[in-house]
Amino acid sequence: MDKIRIVGGQSLNGTIPISGAKNAALPLMIASLLTEEKLVLENVPRLADVALLQRILGNHGVDITVAGKRNGDDPHAGQTMEIDARVIVDTTAPYDLVSRMRASFWVVGPLLARMGEARVSLPGGCAIGTRPVDFHLDALRALGADIDIDAGYVVARAPNGLIGARIDFPKVSVGATHTALMAAALAKGESVIENAAREPEIVDLADCLIKMGARIEGAGTSTIRIEGVPRLRGARHSVLPDRIETGTYAMAVAMTGGDVTLAGARADLLESTIEVLRAAGAQIDVNNEGIRVRRNGAGLFPVDVSTAPHPGFPTDLQAQLMALMTRAQGRSRITETIFENRFMHVQELARLGAKIHLDGDTAIVEGSDRLKGAPVMATDLRASVSLVIAGLAAEGETMVQRVYHLDRGFERLEEKLSRCGAQIERISG
Ligand code: UD1
């Protein structure tokens, strides 16, 4: 298993190109199941989760080709993927694939809407909480599907097609909003999704579906209206930049000090994060290239932050913010409201000398000047990158084990950081 070795203490200076968003690329790839025509996606990040979804879609009979590079192409540009779901050979998504990536469960909506049936394994456990799929199933039932659970599989049927309906989610769910949006796009008549997730990745999916011929209004607000159409066509769409990757590197720079431009980043996708970083003492400017983050000499201030659905502070940046706050001058409080078990990084950060005390869903972080490198273990995607950030600022060597978590969601992490002066390398084995 690969490890990442970091020798901390260097400031970061230079440019980091921001990749396409994983959390947009995955539902966009899944949306290809809604049409017999070709969907071309640009700026798709090279990540383990994307490769796994290629396999899952391949299992349904979807043909995916990744365009080759031409002379003069930017070697770091995202991939262009041509996805052809003309023939669906199998409407089953098996346990061994779905259990490896929860988002693959989302194939249930488009398979059901287009094929009238889907048999998709329940995703199973997850390191950060129970993460059920009841909202997805309730939405599909509201649209007229028959749903049974059989031997660990969701068996969904709508032989005569789905019918538009009102779907009112009891709690904001990104995944269930994706499911409802994709299923309603091909349902007969009008659907209204209330308490819809407002994440930029929902807007990106809706924009792509609209290019495919879907009739959708209100994506990005809590109420989305969809007028179903009988079929969707092919389209070309570019994946939006990754706001979580952007926020992660911004926190790394705030942590180590330095001056880095996050090229291609969009500030409008992470306003609450920028506000928190400014309150913590980072200087953030938006320019034509992207977002410039600086911290020179000045200390870090503690902040009190609660995670919340967009436009609130994202749960996917909570671990990284906690790493940053271990260096603040004073006590900060970080409350996690989305997932009940998303504090696995606390014990690992403690190994680097962080002083963090948990009180229910709140972490109280006593900032201090010094962290000291140590071997640590990555537990999930965002937690593992928080250990990298902490390692960049810690004295001496930090060895992060189980980095396959990082490869799921961060493209060329060690290369992007080392080009800005970090001492970081991957040790294969
Ligand atoms: C997506 C993101 C993930 C992010 C999360 C919250 C992707 C691929 N993943 O995950 O990175 O951390 O949004 O921003 O985009 N819930 C239920 N029943 C359901 C569905 C969800 O109770 O049927 C609960 C969850 O347990 C959680 C909350 O709703 O407490 C929000 O989860 P949700 O927004 O659905 O997360 P995902 O879409 O899985």
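Basis of the calculations
- Residues numbered from 1 in each chain as written.
- Predicted model: local features only at pLDDT ≥ 70, side-chain atom pairs only at ≥ 80, totals over all residues.
- Heavy atoms only, no water.
- UniProt positions renumbered as here; feature names shortened; annotations may be inferred.
- Domains from an automatic or database assignment.
- Contact = heavy atoms within 4.5 Å.
- Salt bridge = Lys/Arg side-chain N within 4 Å of Asp/Glu carboxyl O.
- Polar contact = N/O pair within 3.5 Å; in protein donor to acceptor, adjacent residues only side chain to side chain.
- Nonpolar A, V, L, I, M, F, W, Y, C, P; charged D, E, K, R; others polar.
- 1 Å grid on protein atoms, 1.4 Å probe; cavity = no way out; pocket = protein on both sides within 12 Å on 5 of 7 lines; lining within 4 Å.
- Points joined across faces, edges and corners; volume = space filled by probe spheres on them.
- Helix = DSSP H or I, 4+ residues; strand = E, 2+ residues; numbered from the N terminus.

- The name given to the chain in an unreviewed UniProt entry is UDP-N-acetylglucosamine 1-carboxyvinyltransferase, and the organism recorded there is Azorhizobium oxalatiphilum.
- The annotation that UniProt attaches to the chain under Subcellular location (unreviewed entry) is "Cytoplasm".
- Turning to the chain, the UniProt record has this under Function (unreviewed entry): "Cell wall formation. Adds enolpyruvyl to UDP-N-acetylglucosamine."

1. Some points on the domain arrangement of the chain
When the parts of a complex come together, some accessible area is lost, and that lost area is often taken as the interface size.
Then step 1. Taken as a whole, the chain is organised into domain 1 (24-238) and domain 2 (241-395).
Then step 2. Distance between the C-alpha centres of domain 1 and domain 2: 30 Å.
Then step 3. Between domain 1 and domain 2, the contact holds 11 residues from the first and 13 residues from the second.
Then step 4. Two residues, Arg 243 and Glu 201, come together in a salt bridge whose shortest N-O distance is 2.8 Å.
Then step 5. In this structure, the connection of domain 1 to domain 2 is made through 2 residue pairs in polar contact (both at pLDDT 80 or more).
Then step 6. Of the residues in the side of domain 1 that touches domain 2, the class split is 4 nonpolar, 2 polar and 5 charged.

2. Concerning empty space enclosed by the protein
Left-over empty space is what a probe sized like a water molecule reveals as it rolls over the atoms.
Then step 1. Summed over the entire model, instances satisfying the criterion amount to 3 cavities of 30 Å³ or more.
Then step 2. Of the voids in this model, the largest cavity is the one considered here, and its volume is about 50 Å³.
Then step 3. Looking at the largest cavity, the residues that line it are Thr 246, Ala 250, Leu 262, Leu 270, Ile 274, Leu 277, Ile 284, Ile 291 and Val 293.
Then step 4. At the level of secondary structure, the elements contributing two or more residues to the lining of the largest cavity comprise α8 (243-256), α9 (271-279) and β17 (290-295).
Then step 5. In the lining of the largest cavity, the residues fall into 8 nonpolar, 1 polar and no charged.

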